[in-house]
Amino acid sequence: MTWNRTTSLTALVVFTAAAGFFATGLIAHKRTEAVGVEGASVGLVSTTRRPLPDYQMIGDDMQEVPADSLRHGRVLLVYLTTSCDPCVQEAGVISRLYRDAPPDLSVYGVGIEKPAQLKTFVKQFDLKFPVLVDVGLQLARAIDIHHFPSKYLVEDGVITKEWRGKTRDEAALRRQLGLQ
Amino acid sequence: MLSLRRSIALLVIAVAALLAQTATAYCPSRFQTAQFGDGQPYTCWLTGQDDDYCYYDCYLNA
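## A few points about the overall build of chain B
Move 1: The secondary structure content of chain B amounts to 1 helix and 3 strands.
Move 2: The helix and strand sequence of chain B, counted from the amino end, reads α-β-β-β.
Move 3: Burial analysis of chain B (62 residues in total) assigns 32% to the buried set.
Move 4: Look at the contacts in chain B between residues 6 or more apart in sequence, and 22% of them connect residues 24 or more apart.
Move 5: Summing over all exposed atoms, chain B offers an accessible surface of approximately 3,900 Å²; the carbon and sulfur share of this is 58%.

## Describing the packing of aromatic side chains
All names here are of chain A.
Move 1: Under the definition given, this model contains 4 aromatic pairs over all chains.
Move 2: Look at Tyr79 and Tyr152: their rings are 6.4 Å apart centre to centre, the planes differ by 85 degrees, and that puts the pair in the edge-to-face class. With Tyr79 in strand β4 (residues 74-80) and Tyr152 in strand β8 (residues 150-155), the pair connects residues that are 73 residues apart, well separated along the chain. Side by side, Tyr79 and Tyr152 carry an identical accessibility label, which is buried.

## With respect to the sheet that holds strand β3 (residues 54-60) of chain B
Move 1: What the 4 strands build is an open sheet, ordered β7(A)-β3(B)-β2(B)-β1(B); its pairing is antiparallel. Every interior strand has two partners, whereas the edge strands, β7 (147-148) of chain A together with β1 (30-32) of chain B, have only one.
Move 2: When β1 of chain B meets strand β2 (residues 42-49) of chain B, the two strands line up antiparallel, connected through 3 bridges. Its bridge partner lying in β2 of chain B, Phe31 of chain B is registered against Cys44 of chain B.

## Topic: helix α2 (residues 85-100) of chain A
Move 1: Helix length check: α2 of chain A (16 residues) gives 24 Å between terminal C-alpha atoms against 22 Å at 1.5 Å per residue, within 8%.
Move 2: Tucked inside the fold, the buried residues of α2 of chain A contact β4, β5 (105-111), β7, β8 and α5 (170-176) of chain A together with β3 of chain B.

## Here's the deal with the pairing of strand β6 (residues 131-134) of chain A
Residues and elements named next belong to chain A.
Move 1: Of the two faces of β6, the one holding Val131 and Val133 and the one holding Leu132 and Asp134 are both buried throughout.
Move 2: Two elements, strand β3 (residues 57-58) and β6, share 2 bridges in a ladder whose sense is antiparallel. Its bridge partner lying in β6, Ile58 is registered against Val133.
Move 3: Bridge count for β5 against β6 is 3 bridges, and the pairing is parallel. Looking at the pairing, Gly111 lines up with Val133 of β6.
Move 4: The β-α-β motif built from β5, the intervening helix α3 (residues 115-124) and the parallel element β6 has right-handed crossover chirality.

## Quick word on the nonpolar core
Residue and element names in this part refer to chain A.
Move 1: Of all hydrophobic cores here, the largest spans 53 residues; its most connected members are Met57, Leu77 and Tyr79.
Move 2: No other element matches the 6 residues that β4 contributes to this core.
Move 3: Look past the residues within four positions of Leu77 in its chain and what remains in contact with it is Leu52, Leu70, Tyr108, Val110, Leu139, Ser150, Lys151, Tyr152 and Val154.

Procedures and definitions
Residues numbered from 1 in each chain as written. Chains lettered and ligands numbered in written order. Predicted model: local features only at pLDDT ≥ 70, side-chain atom pairs only at ≥ 80, totals over all residues. Heavy atoms only, no water. Helix = DSSP H or I, 4+ residues; strand = E, 2+ residues; numbered from the N terminus. Buried < 20%, exposed > 50% of the residue type's maximum accessible area, 1.4 Å probe, protein only. Contact = heavy atoms within 4.5 Å. Areas by Shrake-Rupley, 256 points an atom, 1.4 Å probe, with all protein chains shown as cover. Phe/Tyr/Trp six-rings, centres within 6.5 Å; stacked < 30°, edge-to-face > 60°. Pairing = 2+ DSSP bridges. Expected span 1.5 Å × (residues − 1). Right-handed = clockwise from strand over helix to strand, strands pointing away. Core = buried A, V, L, I, M, F, W, Y, C linked by side-chain atoms within 4.5 Å.

So, in C-alpha cells, the structure goes:
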C-alpha cells in the first residue's frame, strides 16, 4: 500500500478519535471514583467535625441574622452564586428538599453577592428556601469555601458534613441528611 | 480508501464530538461580593469549572 497523504489523514482521524474517547473515558472513570468521602472532589467530601466559626449574615429583609441562630438544631447551609449553572440546578434540588424537610432541619441558601443580585436570582428561579447574605465573606473565608455550590450541615453549632458541587444523587443526599 | 474531503470531514466530526463531550457548565468569570458595615468587598475570579461546580478565588478589592 502506498503511504500517501490521504492514508496519513485517515490515520490521523482514527488516532484523534481513539485518543479522544480514551481520554474522556478516563475522565469519566476518575469522576465516578471521586464520589464518596475518601479523596472525593465532588459530593460528600468531609464528615470531619468542626465548630461553626463566627459569621455575619443578613436575611432577605436586610435584617442581620442573630449571632447564634444558625447554631441551634440541624441547619443546612447551601452556598450559591447567581448565574452559575450548577448553582441553578442545585437550587432546584434544594427547593424540593426544603419542601419535604422535617421541622428539625432548617435550610438556608447563602450568597456572597450583592442582595439585589440575590433577590433577582431568588425570583428568577422561584427558590422556595430562604437565602442569606454572608457579609464580607466572613464565614466563607473562615471555612475556606471556593466551590459553588457547596453545602454544610451544622448540628448544634458543629459542622458535621460538607458536600462540594451540585447534587447528582438526590436520594443519596436525603439519606446523608437522615431524611429517609 | 477515504478521500481527502471525507478525511477532513471525519476529523472535524471527531473534534466536535470530543469538544461536546468535554464541554462544561457556564460559570461567571468574575463577580463582586456584598459589602455592609465593616464587611470588606471582594472580587471573585473564576479559576476552574466543571459540570458540578464553579471554583472561585476571591481577593480583597484594592
